[in-house]
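Chain by chain, the residues:
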Amino acid sequence: MLLNYSQPLELNKLTSRIDAALHAALPEFWAVVIELVLVGILLIATYALLAVVLIYVERKITAFFQARIGPNRVGKYGIFQTVADVTKILIKEIIHINRIDKFLFYTAPFFIIGASIMAFGAIPFGQGLQAVDFNIGVLYVISVSSLGIIGVLLAGWSSNNKYSMIGAMRSGAQFVSYELSAGIALMTMVVLSGTMQLSTMVESQRYCWNIFNGHLPALVAFIIYLISGHAETNRGPFDLPEAESELTAGYHTEYSGLQFGFFYLAEYLNMFIIASIGATVFLGGWMPLQINGWESFNQLMWFIPSYLWFFGKVAVLIFFSLWVRWSFPRLRIDQLLNLEWKYLLPINLVNLLVMVILVLTGLTLTDIFK
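This structure is a prediction, so every number in the text was calculated from the model and none was measured.

So, how was this worked out
- Residues numbered from 1 in each chain as written.
- Predicted model: local features only at pLDDT ≥ 70, side-chain atom pairs only at ≥ 80, totals over all residues.
- Heavy atoms only, no water.
- Helix = DSSP H or I, 4+ residues; strand = E, 2+ residues; numbered from the N terminus.
- Polar contact = N/O pair within 3.5 Å; in protein donor to acceptor, adjacent residues only side chain to side chain.
- Contact = heavy atoms within 4.5 Å.
- Buried < 20%, exposed > 50% of the residue type's maximum accessible area, 1.4 Å probe, protein only.
- Salt bridge = Lys/Arg side-chain N within 4 Å of Asp/Glu carboxyl O.
- Core = buried A, V, L, I, M, F, W, Y, C linked by side-chain atoms within 4.5 Å.
- Phe/Tyr/Trp six-rings, centres within 6.5 Å; stacked < 30°, edge-to-face > 60°.
- Expected span 1.5 Å × (residues − 1).

1. Considering the side chain of Ser158
Link 1 in the chain: Turning to its location among the elements, Ser158 is positioned in helix α6 (residues 148-158).
Link 2 in the chain: Within the structure, the side chain of Ser158 is placed 2.6 Å from the backbone oxygen of Leu154, a separation counted as a polar contact.
Link 3 in the chain: Residues in contact with Ser158, not counting those within four places in the same chain, are Ile100, Asp101, Leu104, Phe105 and Tyr255.

This is the structure in C-alpha cells:
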C-alpha cells in the first residue's frame, strides 16, 4: 500500500494514546488543562533549543563566509560554546537603570518573546506536528507577529535614552513598512491556494508547490516575501535599528542579563519563523517532493519523515538569509524606506492583481493539468 499524507503517523498514535489515558483517568476539564500545559512546555523547549542551534549555525556560517574557523574551543567543533553563552546570560546580573519607566521597561521584553512564541505555535513542523491550526492561520501569523513591534517601541521609549529611542523609531518605521509587502505577498499565495489554513495550504501543494503552481507571480511574491521578512527581523543589511556604529545596541541598549536574552532569543527565532512561513506557503511545507503518476518515486520520497522535509526547506531559506546578511553593506534609513514604498509595494500590488487574474482564468499549473 502506498504511503500518503492522510495516513496516521506513529506520533499521532502516541498523542492519541496520551489523550485517551488522560481522559480515562481525569475529568474532561483537567485532562484538557494538562494537555495544554504539556503542549506549552514542549513548544517552549523546542523554541529555546532552536535558538541555541541557530546561534551556533550562524557563527559557523559567518566564519565560513569570512574565511575563518568560528567557535572551536568549548566542546568538539565548539558545539557547546553557545550553551556556555546562554548560561552566562541566564546568571548575569540585571543592571538597574535610573530614570526609566520601570513598568514599561520590564514589560517590553515579554511583548517581544510573547509575540514570537504565539507565531511559533502555529507553524506546521510536520504531518500532525502543529500546536494550533486555525482556519485563518495566515492572518493569525501576520497579526500576532505584529505585536512584537509594541515591545520594541516600549523598550525604546521607556529606556529614557536617546539612542534607544532613535533605534525604536527606526524599527517601528521599518517594521510597519515592510510588513505591508510581506502580508501582500502571503495574500498572493492565499489567492492561489484558496485558503488561509496552513495545514490545508500544505496539502494542496502535494504535486505542485505554490512557487511553481503560480508561475511568475508566485516567484515574484516569494522574492518580495524573503526581502520583507529579512527586513522585519532587523538583520543586515536592514539592521538600522541596532546599528552599532551609530546607536550602540539600539532599542535594547539599556537591557542586560535575562532581559537582553529575551531580545536576543526572539531575534533568532523570528528568523526561523519567517523561513518557516515561507517554506510552508511557497515550498510545500512538510510535503515531500511528489510527481503525479510516479508512484514508485512518490513512495520513496515518503520514507523521508515529513519533519525532515520541513526543516530541510527552512534550513535552505535560513542559509540564504545569512548569505545576504554577510554579503551586503548596511543601507541608510532613506534607502531602506525608498526600497519598500517606491519599489516593493507597487510591484507587490500589481503582482497580487496578476495572480487574481491567473486564478480566475484557470491558468495555474494545477488547473491546466486537471
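Now, onward.
2. Some points on the environment of Leu192
Link 1 in the chain: Relative to the assigned elements, Leu192 resides in helix α7 (residues 162-193).
Link 2 in the chain: Leu192 sits in the buried class, given a relative accessible area of 11%.
Link 3 in the chain: Between the C-alpha atom of Leu192 and that of Asn348, which follows or precedes it by 156 residues, the distance is 15 Å.
Link 4 in the chain: Here Leu192 is in contact with Asn210, Asn213, Gly214, Met355, Val359 and Thr364, once residues within four sequence places are set aside.

3. Here we look at the pattern of salt bridges
Close approach of charged atoms allows side chains with opposite charge to pair.
Link 1 in the chain: Following the criterion strictly, the structure yields three salt bridges and no others.
Link 2 in the chain: Residues Glu58 and Arg325 are paired through a salt bridge, measuring 2.5 Å at the closest nitrogen-oxygen approach. Taken as a pair, Glu58 in helix α2 (residues 28-65) and Arg325 in helix α14 (residues 306-325) lie far apart in primary sequence, 267 residues in all.
Link 3 in the chain: The partner of Arg332 in a salt bridge is Asp334, with the nearest N and O atoms 2.9 Å apart.
Link 4 in the chain: Note on Asp334: relative accessible area 34%, which makes it partly exposed.

4. Describing the nonpolar core
Link 1 in the chain: Formed by 70 residues in total, the largest nonpolar core has its most connected members in Phe120, Phe272 and Phe282.
Link 2 in the chain: It is helix α12 (residues 257-282) that provides the largest number of residues to this core, a total of 14 residues.

5. Quick notes on the packing of aromatic side chains
Centre distance and the angle of the planes are the two values used to describe a pair of aromatic rings.
Link 1 in the chain: A full pass over the atoms with the stated rule returns 29 aromatic pairs.
Link 2 in the chain: Residues Phe125 and Phe310 carry aromatic rings whose centres are separated by 5.7 Å and whose planes lie at 80 degrees to one another, so their mutual orientation is edge-to-face. Here Phe125, found in the loop between α4 (102-120) and α5 (137-146), pairs with Phe310, found in helix α14; they are 185 residues apart in sequence, far enough to count as distant. With respect to class, Phe125 is no different from Phe310; both count as buried.

6. Examining α12
Link 1 in the chain: With 26 residues, α12 ought to run about 38 Å at 1.5 Å a step, and its terminal C-alpha atoms sit 38 Å apart, in line with that.
Link 2 in the chain: For α12, the tally of buried residues reaches 21 of 26 residues, placing the bulk of the element in the interior.
Link 3 in the chain: Within two residues after α12, Gly284 carries a phi angle of roughly 85 degrees, on the positive side.

7. Quick look at α7
Link 1 in the chain: With 32 residues, α7 should reach 46 Å at 1.5 Å per residue; the first-to-last C-alpha distance of 46 Å fits that figure.
Link 2 in the chain: Between the side-chain oxygen of the N-cap and the backbone nitrogen of Tyr163 there are 2.7 Å, and the N-cap of α7 in question is Asn161.
Link 3 in the chain: Positive backbone phi, at 80 degrees, marks Gly194, one or two positions downstream of α7.

8. Focus: the side chain of Ser159
Link 1 in the chain: You can see Ser159 is positioned in the loop between α6 and α7.
Link 2 in the chain: Classification of Ser159 by relative accessible area gives buried; the value is 2%.
Link 3 in the chain: Once residues within four sequence positions are removed from consideration, Ser159 is found in contact with Ile100, Phe105, Ser164, Tyr251, Glu254 and Tyr255.

9. Details of the environment of Glu93
Link 1 in the chain: Here Glu93 is to be found in the loop between α3 (81-91) and α4.
Link 2 in the chain: Note on Glu93: relative accessible area 63%, which makes it exposed.
Link 3 in the chain: As a C-alpha pair, Glu93 and Phe125 span 32 residues in sequence and 36 Å in three-dimensional space.
Link 4 in the chain: Apart from the residues lying within four places of it in its own chain, the contact partners of Glu93 are Ser256 and Gly257.

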